[in-house]
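Understanding the architecture of this molecule
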Amino acid sequence: MSEKYIQLTIDGTPISVPAGTTILDAAKEADVEIPVLCYFAHTTANGLCRLCVVEVEGARMLQAACVVAAQDGAVVHTRSPKVERARRTLLEMLASTVDISESPELQALVAEYECFPERFEGGKKRQPVVIDDNPVYLRDYSQCVMCWRCVQVCADDAQFTYALNFSGRGFDTQIATFFDKPLTETTCVFCGNCIGVCPTGALKAKREYLIEQGVAPEQVLELTRLKGRKNRT
Amino acid sequence: MEANDKTVLICRGTGCESAKSPAIQTELMSGLQGSDVEVKFTGCHGMCQQGPIVIVEPQGTFYANVKLKDVEPIVGSLKNGGGPVEKLFYKDPATKEGLSTYHDIPFYSRQKRLVLQNCGRIDPEDIDDYLAEGGYEGLKKAIFDMTPDAVVQAVLDSGLRGRGGGGFPTGRKWKFTQDAPSDTKYVLCNADEGDPGAFMDRSVLEGDPHAVLEGMAIAGFAIGAQKGYIYCRAEYPLAIKRLQIAIEQARERGYLGKGIMDGDFDFDIDIFHGAGAFVCGEETALITSIEGNRGMPRSRPPYPAVKGLYDKPTLLNNVKTYANVRLIINNGADWFASIGTEKSKGTAVFALTGKIANSGLVEVPMGITLREIIFDIGGGMLDPNKNFKAVQTGGPSGGCLPESFLDTPVDYDSLIEAGSMMGSGGMVVMDEDTCMVDVARYFLDFTEKESCGKCVPCRLGTKQMLDILEDIVEGRGKPGDIELLEDLAVGIKAGSLCGLGQTAPNPVLTTLRYFRDEYEAHINHHACPAKQCKELITYHILDTCVGCGLCRRNCSTNAIIGEQKELHYIDQSLCHKCGVCFEVCPPKVFSVEIRTGEVKLVES
Ligand SMILES: Cc1cc2nc3c(=O)[nH]c(=O)nc-3n(C[C@H](O)[C@H](O)[C@H](O)COP(=O)(O)O)c2cc1C
Ligand code: SF4
Ligand code: FES
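Cut-off values and rules
- Residue indices follow the written sequence of each chain, beginning from 1 at its first position.
- For naming, the first written chain is A and the first written ligand is 1, with later ones following in the order written.
- For this predicted model, a pLDDT threshold of at least 70 governs which residues receive local features, and a threshold of 80 or more governs which side-chain atom pairs are given and counted, while totals over whole chains, interfaces and linings are taken from all residues.
- The side-chain figures draw on all heavy atoms in the structure; neither hydrogens nor water molecules are used.
- Counting from the N terminus, the helices are DSSP H or I runs at least four residues long and the strands are E runs at least two residues long.
- Radius of gyration here is computed from C-alpha atoms only, and the compact-globule reference equals 2.2 Å multiplied by the residue count raised to the power 0.38.
- For every residue, the accessible area (1.4 Å probe, protein chains only) is compared with the maximum for its type, and the residue is labelled buried under 20%, exposed over 50%, or partly exposed between those bounds.
- Contact criterion: two residues are considered in contact whenever any of their non-hydrogen atoms come within 4.5 Å of each other.
- The positive count covers Lys and Arg only, the negative count covers Asp and Glu only, and His and the chain ends enter neither.
- Lysine's charge is taken at NZ, arginine's at CZ, aspartate's at CG and glutamate's at CD.
- Strands are treated as partners if at least two bridges between them are detected by DSSP.
- Axis definition: a line fitted to C-alpha atoms, over the contacting stretch in the case of helices. Angles run 0 to 180 degrees between N-to-C directions.
- For the domains described, the bounds stem from an automatic or database domain assignment.
- Using a 1.4 Å probe, buried area is obtained as the accessible area two parts lose upon being combined, added over both of them.
- Each reported salt bridge corresponds to a side-chain nitrogen of Lys or Arg within 4 Å of a carboxyl oxygen of Asp or Glu.
- We define a polar contact as two N or O atoms separated by no more than 3.5 Å, with the added condition that, inside protein, one atom must be a possible hydrogen donor and the other a possible acceptor, whereas residues neighbouring each other in sequence contribute only through side-chain atom pairs.
- Near residues are defined by distance, with any heavy atom within 4 Å of the molecule or strand qualifying the residue.
- Accessible surface is estimated by sampling points in the Shrake-Rupley manner with a 1.4 Å probe; for residues, cover comes only from the protein chains shown.
- In this classification, the charged set is Asp, Glu, Lys and Arg, the nonpolar set is Ala, Val, Leu, Ile, Met, Phe, Trp, Tyr, Cys and Pro, and all remaining amino acids, among them Gly, are polar.

1. Overview of the overall build of chain B
- The helix and strand inventory of chain B stands at 24 helices and 19 strands.
- Taken over the C-alpha trace, chain B has a radius of gyration of 27 Å; the compact-globule value for 604 residues is 25 Å, and the two agree within 12%.
- A principal-axis box enclosing the C-alpha atoms of chain B has dimensions of 85 × 70 × 40 Å.
- Out of the 604 residues belonging to chain B, those deemed buried represent 60%.
- Counting contacts in chain B only where the partners sit at least 6 residues apart, residues at least 24 apart contribute 70% of the total.
- For chain B, the distance from the average position of its 62 positive side-chain charges to the average position of its 82 negative side-chain charges is 2 Å.

The following block contains the structure:
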């Protein structure tokens, strides 16, 4: 198969990649690391956390490396002052509104970029209550960074069950079930894919959680048994 | 129309309809039954504040604020051949003189109505009226006398730029979509019109729907599409109804559908009812919404011209962009390019609102100054005793320009350079009573709520900015807030996924650029220079008070104390700052004063 190759420079390193390669993948080839949050190799990339933004010479806006294809002749800077500043602000905004205490990767980035989330102390935090509506997992959306990975695996990327979607707008946008129904009343089949892809502590397997809380194993089993779907007609 | 054949035109745009113009039309019709005067209804004339509007052609006699009881004298003057009804003339706000025809009214005489040429002149529900004005001649010329390439070339040569806000050269967009290889392509019309206070597109759809259909059909021919959709917000029921009627009439007459005008070009149009989210005006969100999903933008490229609706090459333009197309085809690219400035061709349509004497819909040649629009056409300030302070264009993505920019020519590039933008046509005029920090807060409140929530900078950043602005207007501003706002603005603009986030900080940035002292006054001195921010003002009664008791009786919290005929005072601990005392204090006495800044809260 004859593939068309393009040349570009990333942080001064010239590199040749097949046309259509994203900037993120091209950077990997060039041994340049770009931080990601919403991007996950096995789900559709939506380019929404904007942490992977890079500066492409000649482009008006910063470009999300995980979704934008590298162009022939492009000169890319992944660590320019503009990029660093944008990433720092993003991390600060996330850290000041979302509970990242159970997300070591995010914490590491916050430290690496020398963030001061305290700048936004005055702002409101997102603090929805933990949703415990099924025997399999808990949903603590105060830890959610809205990466969409769970929505994607629930939909066209893996399970095709479409139990998860969005509700609200603006700051109040949240991952939700249709009409906020309990998961047991949705199409959810409890495959657990969403728990697997969640990059923060927002989705938690209930057994793990209960054991962490010191609940006796036999009680844990009782509490997490999936009962017949009574509510279905 | 023969010279002495009179026609009475009654406006039935949304504004005039809600002021009972359909009933006035019925009355006029029954009053004039049997006479040779024809009664027709039309779309918006633009001067909505003066509505309902009745015009008698061919003289162009202009009656403003017509009420049901005025029908009788109008009918009388028409039937008996007497003079016009002078008391219904529009009065010049400056001279107070009645002006008899719309040719005399500066609001109209300074305009150049191309896109709006039929609005207010033809019956939008009757295709024959449109045909009588040369309707569908452009489509005919395109299909039978031109090649698709020639049509695209004409649009390119005309210099037409998108009227939806961004100002992208329309011809280039058409060329990209034409060049994209595919058997199936789509033509979309953006009639989402989400800017608060905007009604330009609605008025065009209500007043001249066929012009939009014709433009879309010409576009379909040029790029090789067979199907078009108009994405219109469901809050525009009258526009949707008139579009529906127009589409049906056009199909009946063979201007839409299979084998248009018996040629071999097929093109049809349907209406898609949008739920009215601001973000659905963004092109990729609009497409996602038509596809049946939650309207959220996606990353570009690929651009819709390559991969749009149902992954097919798709052309998306604004309502007014399409309405310009037939004029270019009919009159030639050179004619169009002769209007306007070097880089902005044709006209601009604005919805003039705010503290302006003549609010309404205006169309002006590109390059006219803001001053001419506001003071000559708009008649200046609503309250002539107040000073002009700022003009806002571009809606939530635009900015506020101060008095020193009044001589800025209105074109895409000059407005961007000044820190604002053309936008799709909202123009809000503000007077000295407007607090600019509060204006910024208003727009951020809008964008924060309308953010689709997809990307982090816009979802969280607009909220942060809004929180800071709320703190400032409510007296909790801190040193460092301005710098934090600026820092956030840079991050949000550079990092957001779509145009909503990329432009959301603009109202803050321009007010900071031109009215920074107001921000500083709020933060450092707890003062609102415009005396609008409730938390920062106090009301006081001066010792010129004659003790009439009006304010005391009107105060809803019983905060005003004083005996009849004696000096009154306000108990600040009870005052809710509704301002009713300021309103009711007789002008001759004028004893209520609003203070702001580090004022003593104790009465003297
Ligand atoms: C948040 C947002 C809202 C928009 N709203 C509208 C709108 O209401 N009407 C419109 O024509 N264009 C709107 N646009 C611009 C469109 O994305 C698009 O550029 C335009 O419709 C293209 O048409 P034009 O080239 O004829 O201007 C909006 C853009 C953004 C980012
Ligand atoms: S910029 Fe705002 S509206 Fe646009 S995708 Fe991001 S969150 Fe949605
Ligand atoms: S990793 Fe690219 S936008 Fe989130």
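On we go.
2. With respect to the sheet that holds strand 2 (residues 13-18) of chain A
All names here are of chain A.
- Ordered by their spatial adjacency, five strands build an open sheet running 2-1-5-3-4, and the pairing between neighbours is mixed. Every interior strand has two partners, whereas the edge strands, strand 2 and strand 4 (63-64), have only one.
- When strand 3 (residues 53-56) meets strand 4, the two strands line up antiparallel, connected through two bridges. Following the sheet pairing, valine 54 is matched in strand 4 by glutamine 63.
- Against the sheet, helix 2 (residues 81-97) touches strand 3 and strand 5 (75-77), its axis set at about 160° to strand 3.

3. Observations regarding the sheet that holds strand 10 (residues 314-318) of chain B
Residues and elements named next belong to chain B.
- Strands sit in the order 9-8-7-10 across an open sheet of four strands; the sheet is parallel. For this open sheet the edge positions go to strand 9 (268-274) and strand 10, each flanked by a neighbour on one side alone. This sheet shows a mean twist of 20° between the axes of neighbouring strands, independent of strand direction.
- In this sheet, strand 8 (residues 227-233) lies alongside strand 7 (residues 186-191) in parallel orientation, the contact comprising six bridges. Pairing of alanine 191 across the sheet is with cysteine 232, part of strand 8.

4. Here's the deal with the domain arrangement of chain B
All names here are of chain B.
- Considered domain by domain, chain B is made up of domain 1 (6-109), domain 2 (127-337), domain 3 (347-431), domain 4 (436-524) and domain 5 (534-601).
- Between domain 2 and domain 4, the C-alpha centre-to-centre distance is 35 Å.
- Contacts between the two partners involve 12 residues from domain 2 and, on the opposite side, nine residues from domain 4.
- For the pairing of domain 2 and domain 4, the buried interface totals around 880 Å² over both sides, and the portion due to carbon and sulfur atoms is 74%.
- When the buried surface of domain 2 facing domain 4 is broken down by residue, Pro196, Phe278 and Pro297 rank first, second and third, together holding 51% of it.
- The interface formed by domain 2 and domain 4 holds zero salt bridges in total.
- Taken together, domain 2 and domain 4 are joined by three residue pairs in polar contact (both at pLDDT 80 or more).

5. A short note on the site of ligand 1
All names here are of chain B.
- Taken together, 18 residues form the shell around ligand 1, and within it Gly164, Asn190, Asn317, Asn318 and Thr321 come nearest.
- Note that an oxygen atom of ligand 1 is positioned 3.0 Å from one of the backbone N or O atoms of glutamate 193.
- Contact between ligand 1 and asparagine 318: an oxygen atom at 2.6 Å from a side-chain N or O atom of the residue.
- If ligand 1 stood free it would expose 610 Å²; the protein chains cover 89% of that surface.
- Put simply, the parts of the chain that give the shell around ligand 1 at least two residues each are strand 10 and helix 20 (499-503).
- A per-element tally of the shell around ligand 1 places strand 10 first, with three residues.
- For the shell around ligand 1, a count of residues per class yields three nonpolar, nine polar and six charged.

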